[in-house]
Amino acid sequence: MSTPRADHLGQPAGDRAAALPTDRISERTHDGRTDRAGRAHRAVRAHELVRHPVHTRVLHWVVAIFFVLSLFSGFAIYSPWLFAWITPLFGGGPMTRLLHPWFSLGFVIAFALQVMNWYRLMAWTPDDTRWMRDLRGYVTNAEPVEPPYVGFFNGGQKLYFWTIAVSALLFLVSGLPMWFPVTFGRGAVAVSYVVHDLAAIVMLGGFFVHIYEGTLAQPGTFHSMTRGTVSRAWAWTHHPRWYRDATGRDPVADYDAATARAEARAREDR
Amino acid sequence: MPTGTLQIKAISGHPGPVPGDGVQREEDVCKYVDTTICIGCKACEVACVEWNDMPFRETTFDNTYQTLPKTEWNYWNLITFDEHRRNDGTLMWLMRKDQCMHCEDPGCLKACPADGAIVQYTNGIVDFQQEHCIGCQYCVSGCPFDIPRLNPKTKKVYKCTLCSDRVGQGLEPACVKACPTGSLKFGTKTDMKAMADARATQLRDVSGFADAGVYDPASVGGTHVIYVLHDATRPELYGGLPANPRIPVSYTFWKHVAKPVALLLALFAAPAAFFHYIVEGPKDVQPPGAGEP
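Please read these numbers as outputs of a predicted model, since none were measured by experiment.

1. Side note on the sheet that holds strand β8 (residues 184-188) of chain B
Residue and element names in this part refer to chain B.
And step 1. On the basis of which strands lie adjacent, the open sheet formed by four strands has the order β8-β1-β10-β9 and mixed pairing. At either end of the open sheet lies a strand with only one pairing partner, and these are β8 and β9 (213-215). With direction set aside, neighbouring strand axes in the sheet form an average angle of 25 degrees.
And step 2. Pairing of strand β1 (residues 29-34) with strand β10 (residues 225-229), which is carried by four bridges, proceeds in the parallel orientation. Counted as the bridge partner of K31 is V225 from β10.

Quick look at the structure:
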């Protein structure tokens with residue numbers, strides 16, 4: 001490249017201030033309010049948007065840690081093929097059995113807090129139904145940019161969220177009889193085993209998709225859950241309506257402008 | 001190991017036949033319990049506690065002769081006492097020696113997730129190996145006879161071993177040795193079954209118990225402890241002995257359907273995500289080169 005890159009949006013440095021009033025916008029969180037105590041501000045650089053404020057990130061990773069601990073300790077007890085591999089990680093079979101319900105309780109409580117944090121953003125809308133109808137197009141990357149109606153979360157994310165919420169509830173309800181089999185009795189335990197397993201199957205399937213989408217499948221997404229921010233380009237690519245809400249700008253117009261700039265730069269380079 | 005594999009067949013320089021030869025004529029062992037001649041003396045309970053070296057424990061008095069309401073982790077053998085009013089208005093004791101039934105298809109073993117915590121010997125004895133037990137109590141729920149009990153202190157589950165240590169040495173279980181009336185007998189399954197059938201026939205034909213019969217429930221593949229009952233049509237009268245003991249269908253589904261399906265999912269979902277990346281690739285931020293944070 002002959003001209004030095006002014007920034008990651010490919011804009012000339014001189015235009016930056018005029019094009020993007022970053023100082024004000026960058027402090028905004030998903031619901032348009034300024035992040036509490038301005039903590040997110042420290043992490044935000046120019047042309048970034050705060051996607052997940054600190055409390056959301058902490059909550060997410062608390063959920064994740066408890067989930068993984070529950071998953072592994074549960075799998076150890078769940079399958080004879082995994083028993084010998086995994087139980088030593090938790091200090092042997094009896095310790096695995098002792099810890100699993102506590103890990104799971106931690107998961108359920110942390111996730112309940114996440115539900116309280118997110119239930120408004122996760123409310124299902126007709127746009128999400130519309131999004132689900134074109135799931136094939138999403139999976140096959142038919143369009144490079146998401147349709148303009150996609151807000152802070154898309155239909156798939158909401159589906160995953162509510163699947164986990166329902167599964168967590170099933171896990172809790174079926175887990176208690178397995179934790180205290182003598183109190184709940186044989187019949188309740190017999191049903192619980194199956195419910196617990198089905199919840200595990202559903203949750204596990206979603207978990208794989210979640211990890212993949214959050215890392216490999218969408219560059220830039222992982223950063224939103226670690227340092228909390230995403231680039232503006234990330235926002236108009238994956239969540240155009242959120243981009244509009246957060247910045248007050250038109251995602252399509254900004255995308256077109258960025259594309260034009262990129263083409264112009266490519267011509268210049270030639 | 002009480003498996004019978006170390007049963008001596010020949011001895012060098014030994015006069016006469018090998019002691020114990022022929023004991024393993026048939027592998028399946030069985031304890032025979034004739035409830036009709038049990039006198040409720042509890043010698044078997046004491047013998048069990050003694051042989052298995054368990055401390056004597058406090059008993060519960062609840063207006064019966066029964067030592068405890070149920071078997072306990074350190075009390076594996078319990079005579080249940082039930083007062084039964086017969087059709088003619090007279091009362092009779094129904095006394096049954098309650099302990100592990102050593103099912104041919106053991107629900108405890110089926111439910112247990114811990115490698116090697118429950119074993120079934122070729123002679124039919126189902127034995128708990130406490131050093132491998134993780135205290136999850138799946139066996140408690142899996143047992144149709146409500147037998148395994150958790151020691152809350154050690155978080156290990158215990159139950160009657162059918163004196164596998166004695167049987168492995170060619171001896172009868174301690175309870176059988178202690179029984180003064182001949183209510184308890186021990187031998188091969190075939191012999192005990194034949195003896196029980198003969199006794200039931202006698203009870204029906206001679207003693208006037210028209211419903212007498214043998215309790216050897218087929219729903220768990222038969223048991224290695226069998227009862228002769230005055231009234232085999234109503235085993236519930238004998239301290240709640242189930243007429244049709246069952247391992248819940250959900251256990252079979254859980255073990256043979258749900259587990260493999262989930263493991264397959266785990267096995268294939270990760271590669272599926274990986275190959276989606278290979279085939280379809282990531283959703284890059286647009287336009288290309290617009291960058292990431």
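2. A few points about the domain arrangement of chain B
And step 1. For chain B, the assigned domains read domain 1 (25-237) and domain 2 (249-293).
And step 2. Domain 1 of chain B and domain 2 of chain B are separated by 49 Å when their C-alpha centres are compared.

3. What to know about unusual backbone geometry
Residues and elements named next belong to chain B.
And step 1. At the junction of Q286 and P287, the peptide bond is cis and its omega measures out at -10 degrees in the coordinates.
And step 2. Residue placement: P287 occurs in the segment after α7 (249-279).
And step 3. Even without a glycine there, the phi angle at N63 is positive, about 60 degrees.
And step 4. Looking at where N63 falls in the secondary structure, it is placed in the loop between α1 (43-51) and β2 (78-85).
And step 5. At C163, a position not held by glycine, the phi torsion is positive, near 45 degrees.

4. Some remarks on the interface of chain B and chain A
By a frequent convention, interface size equals the accessible area lost on bringing the separate parts together.
And step 1. Contacts between the two partners involve 39 residues from chain B, matched on the other side by 52 residues from chain A.
And step 2. Contributing elements (two or more residues each) for the side of chain B that touches chain A: α3 (138-142) and α7 of chain B.
And step 3. Among the elements that make up the side of chain B that touches chain A, the one with the highest residue count is α7 of chain B (15 residues).
And step 4. Here the side of chain B that touches chain A is built from residues that sort into 24 nonpolar, eight polar and seven charged.

Reading the values: rules and limits
- Residues numbered from 1 in each chain as written.
- Chains lettered and ligands numbered in written order.
- Predicted model: local features only at pLDDT ≥ 70, side-chain atom pairs only at ≥ 80, totals over all residues.
- Pairing = 2+ DSSP bridges.
- Helix = DSSP H or I, 4+ residues; strand = E, 2+ residues; numbered from the N terminus.
- Axes fitted to C-alpha atoms, helices over the stretch in contact; angles between N-to-C directions.
- Domains from an automatic or database assignment.
- Contact = placed C-beta atoms within 7 Å.
- Nonpolar A, V, L, I, M, F, W, Y, C, P; charged D, E, K, R; others polar.

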